[in-house]
Amino acid sequence: MAGRPGGHKGASRHAPASRHGPVAAVASVRPLWWAVSALLVAAAVVVALTRRHELVNAVDLIDDVRLPRLLVAAGFEAASLACLAAVQHWLLSAGGARIRLRVVGAVVLAANAIAGALPGGAAFAAAWVFRQFRRRGAGQVLAGTVLVVAGLLSGLSLFVLLMAGVLAAGSSGPVAGVRPVVIGLAAVAVLVVGVAAGLFRFPRVRRRARRVWRRIGLRSRRLWDIEQALSHLARQVRTTRPGIRPWLWPSSLAVLNWGFDLACLVACVWSLGLAVPWHGVLAAYALTQFAGSLRLTPGGLGVVETSLTALLVLYGLRAEQAIAVTLLYRVLSYWVLQPVGWASGLGLTLSRGHAGPDADTSPTAGSEAESTAGSDAGSDTRSAPESAPESLSDKGPDGESTPDSRA
């Protein structure tokens, strides 16, 4: 699937902190997006015309597809989406929002369709998800934080799969050159995390880190809201599920989100009666997802197909076989999900979203109420957060008024 918002696959990956942020950002570059998309789609059409003989052979292969095996592939794709919805549902529940899993699943399906239909659709999808969560009782900052955390988990999971794919591919093949780089990045990441975990065992280091954290937040209201939301989510998780273990569940779901989508690709190869190139399929998949996440075209059209086909050929499939596998995979992971997603979005839009029973009493809802009150009064003046230390709430690190009094 070409990039999941908030994680799918993706994402993944965006938190609208205001009513205009992501949409305005996309609008400013929309002409460039359309131009790049048109060029890439045109290039894909040219390639398809020059390779029409191989396309005809690929269609012949698809005619002989084994339907029961193809249904297995569709089941894997459904499981992938279910894992993504479960990640966001877990984060919402940890933050105190009560939204049913089936509703979150419908939101994920709709957001996936929006992200795959428009240039820059990931930002539009994130803004839409944000509004849907708000309609159903999630606090303003919590809704944005869920998208950020889900996106981070999704991105880290994809990087883990890429590392595993590069190692599995061995010292030969198209990714052999980047193997040392990926291993080096992994080693640096493990070292940084290990050192940070060791230092945080000392109370003085923790106090200093908290002070720096607050100073960063006081530089802008938006940063403060994000910090407060992350802190609230962490406290909520520690209260209900203490320790690091609880985070293993959403992290595992994020990995399974990609893993089941990869299984869909493998099942597409299997459904055509072809030998799976086990040594390179994981690397080919992960690299394709990274290419698709650039969002150069709506849904990665042309980019995903070209990347996946080329990599499968490099790892041993014939051109017509690689094209047939790619077409089947894209039908299941993109084209079938478009009408399903738009239908889900229509149903959610027409349904009566309502604030949950805890919406007005949650810390995130209180943050939104303060923001709304300031906006309605026609003034951006806000007092410093009450939880900020006195030495920081009146003056910033430069001795000037804090951003909270300037908006």
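Since we're looking at a predicted model, the values are computed, not measured.

Draft legend 1. Fine view of the overall build of the protein chain. A count of helical and extended segments in the protein chain gives 16 helices and zero strands. Counting only residues that meet the buried cut, the protein chain has 45% of its 407 residues in that class. For the protein chain, the accessible surface area stands at approximately 20,100 Å², while carbon and sulfur atoms represent 66% of it.

Draft legend 2. Main features of the packing of aromatic side chains. Following the criterion strictly, the structure yields three aromatic pairs and no others. Residues Phe-76 and Phe-260 carry aromatic rings whose centres are separated by 6.2 Å and whose planes lie at 20 degrees to one another, so their mutual orientation is stacked. Residue Phe-76 is located in helix α3 (residues 67–94), and its partner Phe-260 is located in helix α10 (residues 245–271); the two are separated by 184 residues in the primary sequence. For the ring pair Tyr-334 and Trp-335, a centre distance of 4.8 Å and an interplane angle of 80 degrees mean the geometry is edge-to-face. The class for Tyr-334 is buried, based on a relative accessible area of 7%. We classify Trp-335 as partly exposed; its relative accessible area is 46%. A cation over a ring is seen here: Arg-330 above Tyr-334, with NZ or CZ 4.7 Å from the ring centre.

Draft legend 3. Structural context of the environment of Tyr-285. With respect to the helices and strands, Tyr-285 occurs in helix α11 (residues 278–292). On the basis of relative accessible area, Tyr-285 is assigned to the buried category, the value being 1%. Taking the C-alpha atoms as reference points, Tyr-285 and Leu-161, 124 residues apart in sequence, are found 9.0 Å from one another. One polar contact links Tyr-285 to Asp-261, side chain to side chain, over a distance of 2.6 Å.

Draft legend 4. Inspection of the packing of α3 against α10 at higher detail. Contact pair α3 / α10: the axes reach a minimum separation of 8 Å and the direction vectors enclose 165 degrees. When the axes of α3 and α10 are compared, the pair comes out roughly antiparallel. Crossing handedness for the pair α3 and α10: left-handed. Partitioning the contact of α3 with α10 into residue classes produces 24 nonpolar, three polar and three charged.

Draft legend 5. Up close: the environment of Val-160. Position of Val-160 relative to the elements: it lies in helix α6 (residues 140–169). The spacing of Val-160 and Ala-286 is 126 residues in sequence and 9.4 Å in space, taken between C-alpha atoms.

Draft legend 6. Examining the state of the cysteines more closely. Tallied over the full model, the rule gives zero disulfides. With no disulfide partner, Cys-268 has as its closest neighbouring cysteine sulfur the one in Cys-264, 4.4 Å distant. Taking relative accessible area as the criterion, Cys-268 reaches 0% and is therefore assigned buried.

Draft legend 7. Structural view of the environment of Gly-280. As for its placement among the helices and strands, Gly-280 is situated in helix α11. Given a relative accessible area of 0%, Gly-280 falls into the buried group. The spatial distance from the C-alpha of Gly-280 to the C-alpha of Val-166 is 8.1 Å, given a sequence separation of 114 residues.

Draft legend 8. Spotlight on a nonpolar patch on the surface. Residues Val-331, Trp-335, Val-336 and Val-340 make up a contiguous nonpolar surface patch of roughly 330 Å² in combined accessible area. Relative to the helices and strands, Val-336 is located in the loop between α13 (319–335) and α14 (337–350).

Draft legend 9. Representation of the nonpolar core. Counting residues in each nonpolar core, the largest one holds 39 residues, and the members touching the most others are Leu-92, Phe-133 and Ala-138. Every element with two or more residues in this core is listed here: α3, α4 (101–117), α5 (121–135), α6, α10 and α14. Broken down by element, this core gets its largest block of residues, ten residues, from α3. Here Ala-138 is in contact with Leu-92, Ala-97, Ile-99, Phe-133 and Ala-143, once residues within four sequence places are set aside. With 35 residues, the next largest nonpolar core counts Val-182, Ala-186, Leu-265 and Leu-317 among its residues.

Draft legend 10. Spotlight on the pattern of salt bridges. In this structure the tally under the stated criterion is two salt bridges. A salt bridge links Arg-330 to Glu-305; the shortest N-O distance between them is 2.7 Å. Here Glu-305 lies in helix α12 (residues 303–314) and Arg-330 lies in helix α13, a separation of 25 residues in the sequence. The same class applies to Arg-330 as to Glu-305, namely buried. Of the charged contacts, one joins Arg-318 and Glu-320 as a salt bridge, the two residues approaching to 2.9 Å between their closest N and O atoms. Residue Arg-318 is classed as partly exposed on the basis of its relative accessible area of 49%.

Draft legend 11. Expanded view of the confidence of the model for the protein chain. The pLDDT averaged across the protein chain works out to 74; a share of 65% of its residues lies at or above 70. Mean pLDDT across the elements of the protein chain bottoms out in helix α16 (residues 390–393) (37) and peaks in α3 (94). Counted against residues more than four places away or in other chains, residues 10–29, with its pLDDT under 50, gives 51 contacts. Low pLDDT, under 50, characterises residues 355–407; the stretch is placed with 73 contacts to residues that sit more than four places away or in other chains.

What counts and how
Residues numbered from 1 in each chain as written. Predicted model: local features only at pLDDT ≥ 70, side-chain atom pairs only at ≥ 80, totals over all residues. Heavy atoms only, no water. Helix = DSSP H or I, 4+ residues; strand = E, 2+ residues; numbered from the N terminus. Buried < 20%, exposed > 50% of the residue type's maximum accessible area, 1.4 Å probe, protein only. Areas by Shrake-Rupley, 256 points an atom, 1.4 Å probe, with all protein chains shown as cover. Phe/Tyr/Trp six-rings, centres within 6.5 Å; stacked < 30°, edge-to-face > 60°. Lys NZ or Arg CZ within 6 Å of the ring centre and 35° of its normal. Polar contact = N/O pair within 3.5 Å; in protein donor to acceptor, adjacent residues only side chain to side chain. Axes fitted to C-alpha atoms, helices over the stretch in contact; angles between N-to-C directions. Parallel < 35°, antiparallel > 145°, perpendicular 65-115°, else oblique. Left-handed = near helix turned anticlockwise from the far one by under 90°. Nonpolar A, V, L, I, M, F, W, Y, C, P; charged D, E, K, R; others polar. Disulfide = S-S within 2.5 Å. Patch = residues over 30% accessible without salt bridge, like charges linked within 9 Å, V, L, I, M, F, W, Y side chains within 5 Å. Salt bridge = Lys/Arg side-chain N within 4 Å of Asp/Glu carboxyl O. Core = buried A, V, L, I, M, F, W, Y, C linked by side-chain atoms within 4.5 Å. Contact = heavy atoms within 4.5 Å. pLDDT = per-residue confidence, 0-100.

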